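This is what each chain is made of:
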Amino acid sequence: MYGSRGAMLGSGGVSDGYEIGSKRPRMMETNPYFAVSSSSSGYQSYGYGSGYQPSAFPVVRLRGLPFDCTDVDIFKFFAGLDIVDVFLVTKNGRFSGEAFVVFASPMQAEFGLQRDRQNMGRRYVEVFKCKKQDYYHAIAAELHYESSYDDYRGTPPPSRPKRSLDKDKLEYTEVLKLRGLPYSVKKSEIVKFFGDFNLTDDKVHIGYRHDGKATGEAFVEFASPDEAKRAMCRDNKLIGTRYIELFPSTPDEARRAESRSRQ
């Protein structure tokens, strides 16, 4: 149904800059692992052994990253895995060489841990387990820093340089992933969203959780990788009142999502 498998970079679960104020809250809303409660009853047990359990928040911590590291480098480091978020940790406005990476599932996080002490450039990178609270505290600390100011001089702290992901540099297949969709969205609305790209309803695959509720994500199959890349012009455009984020994906990721929706 999806054609030949394309080159992978982060297996399509990529994000563009994860600007804290606007995108991370929406991501937390649409991904069940971001629920405040740590309970995850209803998820299938995969038998992870001594690694992550199905109820674990699928985040790992990286240390020893090059100081010119970007999101793109981290997606390449974890090539083939489904990444939901990358958070580059700063201290006093400067990149610390550490990062948090959130995966689409505990199993993906377990695979991510196996990249421990692999090289990024000339540096080997440590990948180790951490808690959901560590990830949240790092976000909160940066928000606090960026909102603080010097009472004496009345000047704001230096802003963190934006490390947004340049989607033009990523590998494309004929599949795009959509995130941030209204939960009530219909296939016809997604077809209309892409206007002149001659999509049909059977090329749109809306994601659902095991309880039948929509995930806020969908996969769309285009005629070719070039057409999918052209369709990225719709990134951050509206469906209703929601800004829709687009990411390059792969047929494999779309098939896995469709399989989960049928469970």
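Residues numbered from 1 in each chain as written. Predicted model: local features only at pLDDT ≥ 70, side-chain atom pairs only at ≥ 80, totals over all residues. Heavy atoms only, no water.

**Q** I'd love a proper account of the pattern of salt bridges, names of residues and values included.
**A** A complete count under the given rule lists nine salt bridges for this structure. A salt bridge links Lys-203 to Glu-221; the nearest nitrogen and oxygen atoms lie 3.9 Å apart. Taken as a pair, Lys-203 in the loop between α5 (187-193) and β7 (204-208) and Glu-221 in strand β8 (residues 214-221) lie far apart in primary sequence, 18 residues in all. A relative accessible area of 29% places Lys-203 in the partly exposed class. (Salt bridge = Lys/Arg side-chain N within 4 Å of Asp/Glu carboxyl O. Helix = DSSP H or I, 4+ residues; strand = E, 2+ residues; numbered from the N terminus. Buried < 20%, exposed > 50% of the residue type's maximum accessible area, 1.4 Å probe, protein only.)

**Q** Describe the nonpolar core, with residues and values.
**A** One finds Leu-178, Leu-181, Ile-190, Phe-194, Val-220 and Phe-222 to be the most contacted residues of the largest nonpolar core, which totals 23 residues. Sorting the residues of this core by element identifies β6 (175-179), α5, β7, β8, α6 (225-231) and β10 (242-248) as the ones contributing at least two each. Examining the composition of this core, we find that three residues originate from one element, α5, more than from any other. Setting aside residues up to four positions removed in sequence, Val-220 forms contacts with Glu-174, Val-175, Leu-176, Leu-178, Ile-190, Phe-194, Leu-199, Lys-203 and Val-204. (Core = buried A, V, L, I, M, F, W, Y, C linked by side-chain atoms within 4.5 Å. Contact = heavy atoms within 4.5 Å.)

**Q** Hey, could you go over the sheet that holds strand β9 (residues 237-239) for me, with residue numbers and the actual values?
**A** Spatial strand order, β7-β8-β6-β10-β9: five strands in an open sheet with antiparallel pairing. Here the strands that pair on one side only, and so sit at the sheet edges, are β7 and β9. Here the strands of the sheet are splayed against their neighbours by 35° on average, with no regard to which way each runs. (Pairing = 2+ DSSP bridges. Axes fitted to C-alpha atoms, helices over the stretch in contact; angles between N-to-C directions.)

**Q** Could you give an account of the environment of Leu-113, with specific residues and numbers?
**A** Relative to the helices and strands, Leu-113 resides in helix α3 (residues 106-113). Linking Leu-113 and Phe-128, residues 15 residues apart in sequence, is a C-alpha distance of 6.1 Å.

**Q** Describe empty space enclosed by the protein, naming the residues involved and giving the relevant values.
**A** Within the structure shown, the criterion is met by two cavities of 30 Å³ or more. In this structure, the second largest cavity spans a volume of roughly 30 Å³. Looking at the second largest cavity, the residues that line it are His-205, Ile-206, Gly-207, Phe-219, Ala-254, Ala-257, Glu-258 and Ser-261. Across the lining of the second largest cavity, the residue classes tally to four nonpolar, three polar and one charged. (1 Å grid on protein atoms, 1.4 Å probe; cavity = no way out; pocket = protein on both sides within 12 Å on 5 of 7 lines; lining within 4 Å. Points joined across faces, edges and corners; volume = space filled by probe spheres on them. Nonpolar A, V, L, I, M, F, W, Y, C, P; charged D, E, K, R; others polar.)

**Q** Before we move on, can you summarise the confidence of the model for the protein with the specific residues and values?
**A** Averaged over all residues, the pLDDT of the protein is 75; the fraction at 70 or higher stands at 68%. Per-element confidence in the protein is highest for α5, whose mean pLDDT is 96, and lowest for helix α1 (residues 23-30), whose mean pLDDT is 47. Low pLDDT, under 50, characterises residues 25-30; the predicted model gives this stretch 23 contacts beyond four residues in sequence or across chains. For residues 146-164, every residue scores under 50 in pLDDT, and the model assigns this stretch 26 contacts once sequence neighbours within four places are set aside. (pLDDT = per-residue confidence, 0-100.)

**Q** Help me get a handle on unusual backbone geometry, residues and values and all.
**A** Residues apart from glycine generally show negative phi values, whereas peptide bonds are mostly found in trans. You will see that Arg-117, though not glycine, has its phi angle at about 65°, which is positive. Looking at the element boundaries, Arg-117 is found in the loop between α3 and β4 (118-120). Residue Arg-117 is classed as partly exposed on the basis of its relative accessible area, which comes to 48%. The phi dihedral of Asn-198 is positive, around 55°, even though this residue is not glycine. By secondary structure assignment, the location of Asn-198 is in the loop between α5 and β7.

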